[in-house]
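Reading the structure
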Amino acid sequence: MHLPFAENYRIKMVEPIRKSTREERKRWIREARYNLFNLRSDQVFVDLLTDSGTGAMSDQQWAAVMTGDESYAGSSSYFNLQDSIKRILGFDHFLPTHQGRAAENVLFSALVKDGDIVPGNSHFDTTKGHIEFRHAKAIDCTIDEAFDTTLDHPFKGNIDLVKLEMVLSTYPKEQIPMIIVTVTCNTSGGQPVSMKNLREVYALAQKYGIKVIFDSARFAENAYFIKTREEGYKEKSIKEIVREMYSYSDGMTMSSKKDGIVNIGGFIAFRDEETYKKCTMFNILFEGFITYGGMAGRDMNALAVGLDEATEMDYLEARIGQVRHLGEKLLSYGIPIQYPIGGHAIFVDAKKFLPHVPREEYIAQTLAIELYIEAGVRGVEIGTILADRDPDTRVNRYPDLELVRLAIPRRTYTNNHMDYVAAGLKNVFDRRDQIKNGFKIVREAPILRHFTVELDKL
Ligand SMILES: *Cc1c(COP(=O)(O)O)cnc(C)c1O
């Protein structure tokens, strides 16, 4: 008999989570003003709000925590992290930061100025925020295929080279501080970028004399998709693939809360010393001295180990296999989700799921709340509430897609939990024709309203 896949770890410590009743959940979500961010974590049974900083560390990482060196300058933890970054990613120079957006803040403070243009593949929201905050402009050059949820394409994170060259040839070189390639592309649904595309983007960038920076939160998951989907990589190890990926870049920003498998942390890394030197001043100003930059020594130690573990095929098969397990279950129930299934999350197509709720009543938010009431599962709305109002006209911006994202924390839940989530969603799906009313906003902040918005039932 064929031996089935099984995780390459066993569980040494468990954390109890509590089921609740439907009546409790109805009361809690009402008290939370129908905003899932306002729920206490103990009111949630399976928490799929985000995979950021919510994963489980290994025994080796916890052992590294205990040997962390908290010296202000020159701690051994810093040098451990330096070794991992050099060996796994190939960069000589790096600066620790407290998380990914802090890495962006330091890098962009050094390189991005008023009026600049930063092309890339669907920039992540904090990345775009940091670019626009500096009165620069992020231009999305993702391939068109990425925006059709049902279209099958192995690398929907790819950059369209024609769109990119249009940007590079339109603006002067001095106005384009960098191209940002996000691996995997979070905004388009955890979709990977192919090695061929990375190679071609880098060649084009070199032709125009422009830097390529990888926004690297899920770089290891990207390498997994290259290994399993791209011709010529099946026999290569994840670490070999990662080294080749970074050979097509000049530097990177990292949110270690994702593929670093730690609860907090980030960094920037470069090939050339000059960019590193430009960034050191901002790192000291915003984050901390260059050998800790907002991270405790123990966290740098855990990250040094986490980078190694995340770039092992056994780990990635368990990780991405679990996301796929949930996705395939939902597909077997006929539930509309974004396809192909990405690396870190399932995106449920709420417009197709709830055809009777008008868009003015926040379709994806309505579905996320129904799922919470049904099963105590917390996802997150990626739809009209997240899209905010138009800054000039103050009318709601209605995005093409109304999605509920179910992000899976690393090494945290079992496939039984995934089956539970799928059953919860199936129950909502079975009664979808009775769900006709959504919500109205009673209070909201002028920007980033989704975190604090208050709603009322219609
Ligand atoms: C999470 C993330 C960031 C921001 O990182 P934080 O650690 O949350 O500040 C930037 N880019 C991508 C692609 C991300 O997924």
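Calculation rules
- Residues numbered from 1 in each chain as written.
- Predicted model: local features only at pLDDT ≥ 70, side-chain atom pairs only at ≥ 80, totals over all residues.
- Heavy atoms only, no water.
- Helix = DSSP H or I, 4+ residues; strand = E, 2+ residues; numbered from the N terminus.
- Rg over C-alpha atoms; globule rule 2.2 N^0.38 Å.
- Buried < 20%, exposed > 50% of the residue type's maximum accessible area, 1.4 Å probe, protein only.
- Areas by Shrake-Rupley, 256 points an atom, 1.4 Å probe, with all protein chains shown as cover.
- Lys, Arg positive; Asp, Glu negative; His and termini not counted.
- Charge placed at Lys NZ, Arg CZ, Asp CG, Glu CD.
- Domains from an automatic or database assignment.
- Contact = heavy atoms within 4.5 Å.
- Buried area = accessible area lost by both parts, 1.4 Å probe.
- Salt bridge = Lys/Arg side-chain N within 4 Å of Asp/Glu carboxyl O.
- Polar contact = N/O pair within 3.5 Å; in protein donor to acceptor, adjacent residues only side chain to side chain.
- Nonpolar A, V, L, I, M, F, W, Y, C, P; charged D, E, K, R; others polar.
- Near = heavy atom within 4 Å.
- Expected span 1.5 Å × (residues − 1).
- Patch = residues over 30% accessible without salt bridge, like charges linked within 9 Å, V, L, I, M, F, W, Y side chains within 5 Å.

**Some details on the overall build of the chain**
- On a plain count of helices and strands, the chain comes out with 16 helices and 14 strands.
- On C-alpha atoms alone, the chain measures out to a radius of gyration of 22 Å, which is about the 23 Å that the 2.2 N^0.38 rule sets for 458 residues.
- By the burial criterion, 57% of the 458 residues in the chain qualify as buried.
- When the accessible surface of the chain is split by element, carbon and sulfur atoms take 52% of a total near 20000 Å².
- Across the chain, 59 positive and 64 negative side-chain charges occur, with their mean positions spaced 3 Å apart.

**Quick word on the domain arrangement of the chain**
- With domains assigned, the chain is organised as domain 1 (22-51 + 313-457) and domain 2 (59-310).
- Averaged C-alpha coordinates put domain 1 and domain 2 at centres separated by 27 Å.
- Across the contact, 23 residues belong to domain 1 and 28 residues belong to domain 2.
- With both sides pooled, the region where domain 1 packs onto domain 2 buries about 2100 Å², and carbon together with sulfur makes up 53% of that total.
- Viewed at the interface, domain 2 and domain 1 are joined by five salt bridges.
- Between Glu 309 and Arg 411 there is a salt bridge, with the nearest N and O atoms lying 3.0 Å from each other.
- Between the two partners, domain 1 and domain 2, sit 12 residue pairs in polar contact (both at pLDDT 80 or more).
- When contributions to the side of domain 1 that touches domain 2 are tallied by element, the ones reaching two or more residues are helix H12 (313-332) and strand S9 (345-349).
- Sorting elements by how many residues they give to the side of domain 1 that touches domain 2 places H12 first, with seven residues.
- Residue composition of the side of domain 1 that touches domain 2, grouped by class: 10 nonpolar, four polar and nine charged.

**Digging into the site of the ligand**
- Around the ligand, 14 residues are found, and the nearest of them are Gln 99, Gly 100, Arg 101, Ser 255 and Lys 258.
- The contact in question runs from an oxygen atom of the ligand to an N or O atom on the side chain of Arg 101, over 2.7 Å.
- If the ligand stood free it would expose 380 Å²; the protein chains cover 97% of that surface.
- With three residues, the top contributor of residues to the shell around the ligand is helix H4 (residues 100-111).
- Looking at the shell around the ligand residue by residue, the classes come out as two nonpolar, six polar and six charged.

**Let's talk about unusual backbone geometry**
- Of note, the bond from Val 183 into Thr 184 is cis; its omega dihedral lies within 30 degrees of zero at -20°.
- You can see Thr 184 is positioned in the loop between strand S5 (179-182) and helix H7 (195-208).
- Pro 340 follows Tyr 339 through a cis peptide bond whose omega is -5°.
- Among the secondary structure elements, Pro 340 is positioned in the loop between H12 and S9.
- A positive phi angle, close to 35°, is found at Ser 122, a residue other than glycine.
- Residue placement: Ser 122 occurs in the loop between strand S3 (117-120) and helix H5 (125-133).

**What to know about H12**
- For H12, which comprises 20 residues, the first-to-last C-alpha distance of 27 Å matches the rise-based estimate of 28 Å (1.5 Å per residue) to within 8%.
- Within the sequence span of H12, burial applies to Met 313, Tyr 315, Leu 316, Ala 318, Arg 319, Ile 320, Gly 321, Gln 322, Val 323, Leu 326, Gly 327 and Leu 330.
- Among the structural elements, helix H8 (219-229), helix H9 (238-247), helix H11 (297-310), S9, strand S12 (403-407) and helix H16 (415-430) are those in contact with the buried residues of H12.
- Of the residues one or two after H12, Gly 334 is the one with positive phi, at around 80°.

**Focus on a nonpolar patch on the surface**
- Together, Tyr 9, Ile 11 and Val 14 give the surface a local cluster of nonpolar side chains, amounting to about 330 Å² of exposed area.
- Inspection of the secondary structure puts Ile 11 in the segment before helix H1 (22-31).

**Description of the pattern of salt bridges**
- By the definition in use, this model includes 35 salt bridges.
- Of the charged contacts in the structure, one is a salt bridge between Arg 22 and Glu 374, with a shortest N-O distance of 2.9 Å. Highlighted residues: Arg 22 in helix H1 and Glu 374 in helix H14 (residues 363-375), separated in sequence by 352 residues.
- Accessibility expressed as a relative area gives 32% for Arg 22, which makes it partly exposed.
- Classification of Glu 374 as buried rests on a relative accessible area of 14%.
- Residue Asp 308 is joined to Arg 87 by a salt bridge in which the shortest nitrogen-to-oxygen separation is 2.8 Å. Of this pair, Asp 308 sits in helix H11 while Arg 87 sits in helix H3 (residues 76-89), placing them 221 residues apart in sequence.
- We classify Asp 308 as partly exposed; its relative accessible area is 23%.

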